[in-house]
Amino acid sequence: MARWHSCNVLQSAGNGRNLWQFSTGGGGKVTLQRQEARVGSEPLPQKLVTKDWQTLFQPKLNVAWIPAEHVFLRVVQLPKADLTETRSMVELQLEKLSPVPVAQIVWGFELLAHPTADMQTAVVIIIARSHVEEFLGQLEGQGYLADRLELPFLDQLRATRVDGDGAWMFPGIGPDNYSCLIAWWYGGILQNLGLIHLPPSADRARLLEEQLSQMTWAGELEGWLTSPPRYHLVANGLLAEDWKNLFPPALPAQIVPPVEPAELAALTARRVQNNGVMTNLLPPEYTTRYRQQFIDRIWMRALGAVVALYVLGVGVYFGFVAVTKWKLGRVQAQIAEIGPIYTNTMQLRERVRILQDQLDLQFAALDCYKAVADTLPPELTLDSLNVSRGRKLTLTGTASRSEGLKVQDFNDALRKVMVKDQPLFSKVTAPNMGNAAGDQMRWTFNCDLKRTDVE
């Protein structure tokens, strides 16, 4: 059996409707959570009765009470058997039990206790399919898709205390207060269920006496009515008083309080948790159609949610693009504003760099000149000093042939020249000495300045 998270029970009576919602728990426990009453065409609370995606995780059962005025009830005594065999035995007797052709009915049954261990009592419920379809159409018009159609009289019958032999009468079954179901109990066994209807006339007491007499004779002929019946009225208030006044003083009827509607709904909710198929009067094709509608509705809502998320995503994307374009426009406007300033700044920077280079070249030339002046031996003659691009110093001069070592000493001295604790030259090439006029020789060598800031 499926476990339900909640169970709705709907009663449609005349111009009013009552809806009870129960939460279900283990051990068949049901707890009333909410009760709603509606009059006329006032809609039912859709949040309570409509199934949505949450029903997949918290199953909801919708039960509707079908009116009893169109229902035929029959009592049969059957051998004790399992549910499948019992159903087959009842089905074999439908032709005899049903006042309507079997192809045009919806039926179910409820099992009652029997004092004999190898027997069981079955209350067979028969209703014309046309009445069921008409009732379901009314429920669909109210937005209520029933999972089960139940007869509340079964729960009233089970809840009524039977203390001996007699007839228990349930007035108010039907469209008016003068229709009555009678349950005949003898020997601890439900022997018969009959329906009495009293027409709107002043002589209802006589008509009731005649109908009860006919039922009594039928029971005597069948052999189960073994003593004069005691009558019990399962009613309260004005309805109980009206029916009690129909009985003669010599044969009074005992009043038995009925089960209140809310408690009766709880009994129905508890019973349907444990009874899967026996008493359900909902045709199987309606169950299939309602389930398909539920699945289609879930798919359509899921698809709608996906489309809504997609549209929302597209909206967010276009919004992001619009904001980004707006920010880009602001940046471009700022660039346009600072463009001339930037150009002027770069021009000034280049001018400063050029001036700095010129200044560095001047200082480099001065450092080279000072280094040469400090280290040049007096025996050597310097003919030229050339600083190329602030990186290379070329020295050319003459000396006597006997002063070749002085040229080498001059070369070594330039290697060791320090400016600001750094070598002035990164590289000093060996002197190149050649012949000149007479006893003179020409010498030349290059010095690379140790500078990295000048291109």
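Residues numbered from 1 in each chain as written. Predicted model: local features only at pLDDT ≥ 70, side-chain atom pairs only at ≥ 80, totals over all residues. Heavy atoms only, no water.

1. A word on the overall build of the chain
Counting its regular elements, the chain contains ten helices and 20 strands. Its C-alpha atoms give the chain a radius of gyration of 56 Å, clearly above 23 Å, the size a compact globule of 455 residues would have. Taken over the C-alpha atoms alone, the chain extends approximately 175 × 50 × 40 Å along its principal axes. Out of the 455 residues in the chain, the part that is buried amounts to 38%. Long-range pairs, those at least 24 residues apart, make up 60% of the contacts in the chain between residues at least 6 apart in sequence. Approximately 25900 Å² of the chain is accessible, and the part contributed by carbon and sulfur atoms is 58%. Of note, the chain has its 45 positive side-chain charges centred 10 Å away from the centre of its 46 negative side-chain charges. (Helix = DSSP H or I, 4+ residues; strand = E, 2+ residues; numbered from the N terminus. Rg over C-alpha atoms; globule rule 2.2 N^0.38 Å. Buried < 20%, exposed > 50% of the residue type's maximum accessible area, 1.4 Å probe, protein only. Contact = heavy atoms within 4.5 Å. Areas by Shrake-Rupley, 256 points an atom, 1.4 Å probe, with all protein chains shown as cover. Lys, Arg positive; Asp, Glu negative; His and termini not counted. Charge placed at Lys NZ, Arg CZ, Asp CG, Glu CD.)

2. Quick word on the pairing of strand 10 (residues 179-186)
Judged by how many residues are buried, strand 10 sits mostly within the fold: eight of eight residues are covered. Burial of the side chains of strand 10 extends over both faces: Ser 179, Leu 181, Ala 183 and Trp 185 are buried on one face and Cys 180, Ile 182, Trp 184 and Tyr 186 on the other. Bridging between strand 9 (residues 166-171) and strand 10 involves six bridges; their strand directions are antiparallel. Along strand 10, the bridge assignment pairs Met 169 with Ile 182. Two strands pair when backbone bridges link them, and strand 10 and strand 11 (residues 189-197) are joined in this way by eight bridges, in the antiparallel orientation. Bridge pairing in strand 11 places Cys 180 opposite Ile 196. What sits between the antiparallel neighbours strand 10 and strand 11 is a turn of two residues, in which Gly 187 has the positive phi angle 65°. (Pairing = 2+ DSSP bridges.)

3. A closer look at the side chain of Lys 60
Tracing the chain through its elements places Lys 60 in strand 4 (residues 60-65). Ignoring sequence-local partners within four residues, the contact set of Lys 60 consists of Trp 4, Ser 6, Asn 8, Lys 47, Leu 48, Val 49, Thr 50, Lys 51, Thr 55 and Asp 147.

4. Quick notes on the layout of surface pockets
Empty pockets left among the atoms are what a rolling probe the size of a water molecule brings to light. What the largest pocket holds in volume is close to 1100 Å³. In terms of lining residues, the largest pocket is bounded by 39 residues, among which Gln 11, Ala 13, Gly 172, Ile 173 and Gly 174 are the most central. Of all the secondary-structure elements, those providing two or more residues to the lining of the largest pocket are strand 1 (6-13), strand 2 (16-24), helix 4 (129-141), helix 5 (152-159), strand 9 and helix 8 (261-274). Here the lining of the largest pocket gets five residues from one element, more than from any other, and that element is helix 4. Split into classes, the residues belonging to the lining of the largest pocket amount to 21 nonpolar, 13 polar and five charged. (1 Å grid on protein atoms, 1.4 Å probe; cavity = no way out; pocket = protein on both sides within 12 Å on 5 of 7 lines; lining within 4 Å. Points joined across faces, edges and corners; volume = space filled by probe spheres on them. Nonpolar A, V, L, I, M, F, W, Y, C, P; charged D, E, K, R; others polar.)

5. Considerations on the sheet that holds strand 5 (residues 71-79)
One open sheet holds the three strands; their spatial order is 5-7-6, and the pairing between them is antiparallel. The sheet is open, and its two edges are formed by strand 5 and strand 6 (105-112), each paired on a single side. Strand-to-strand twist of the sheet, defined as the mean angle between neighbouring strand axes without regard to direction, takes the value 25°. Looking at chain direction, strand 6 and strand 7 (residues 119-128) are connected through eight bridges and run antiparallel. Note on strand 7: the bridge partner recorded for Val 106 is Ile 127. (Axes fitted to C-alpha atoms, helices over the stretch in contact; angles between N-to-C directions.)

6. Here's the deal with the environment of Leu 355
Along the chain, Leu 355 falls in helix 9 (residues 284-375). Note on Leu 355: relative accessible area 55%, which makes it exposed. Along the chain, Leu 355 and Pro 258 lie 97 residues apart, while their C-alpha atoms are 114 Å from each other.

7. Examining the pairing of strand 20 (residues 440-449)
Residues Met 441, Trp 443, Phe 445, Cys 447 and Leu 449 of strand 20 are buried on one face, while the alternating residues Gln 440, Arg 442, Thr 444, Asn 446 and Asp 448, pointing to the opposite face, are not. In the sheet, strand 15 (residues 392-400) pairs with strand 20 via nine bridges, with the strands oriented antiparallel. Across the sheet, residue Ser 400 finds its bridge partner in strand 20, namely Gln 440. Across three bridges, strand 18 (residues 425-428) lies against strand 20 in antiparallel orientation. Considered in strand 20, the bridge of Val 428 is made with Cys 447.

8. With respect to the sheet that holds strand 8 (residues 148-150)
The strand order 3-2-1-4-8 describes an open sheet built from five strands, whose pairing is mixed. One side of each edge strand has no neighbouring strand; the edge strands of this open sheet are strand 3 (30-39) and strand 8. Within this sheet the neighbouring strands show an average axis-to-axis angle of 20°, counted without direction. Bridging between strand 2 and strand 3 involves nine bridges; their strand directions are antiparallel.

9. Topic: the pattern of salt bridges
Counted according to the given criterion, the structure contains 17 salt bridges. Here Arg 129 makes a salt bridge to Glu 285, at a shortest N to O gap of 2.5 Å. Residue Arg 129 is located in helix 4, and its partner Glu 285 is located in helix 9; the two are separated by 156 residues in the primary sequence. Across the pair Glu 150 and Arg 271 runs a salt bridge, and its minimum N-O distance is 2.9 Å. (Salt bridge = Lys/Arg side-chain N within 4 Å of Asp/Glu carboxyl O.)

10. Re the packing of helix 9 against helix 10 (residues 404-415)
The geometry of helix 9 relative to helix 10 is characterised by a closest axis approach of 10 Å and an angle of 135° between their N-to-C directions. As summarised for this structure, helix 9 and helix 10 are arranged oblique, according to the angle between their axes. Of the two possible hands of crossing, helix 9 and helix 10 adopt the one that is right-handed. Contact with helix 9, carried on its side by Ala 371, Val 372 and Thr 375, involves Phe 410, Ala 413 and Leu 414 of helix 10 and no other residues of that element. Split by residue class, the contact of helix 9 with helix 10 holds five nonpolar, one polar and no charged. (Parallel < 35°, antiparallel > 145°, perpendicular 65-115°, else oblique. Left-handed = near helix turned anticlockwise from the far one by under 90°.)

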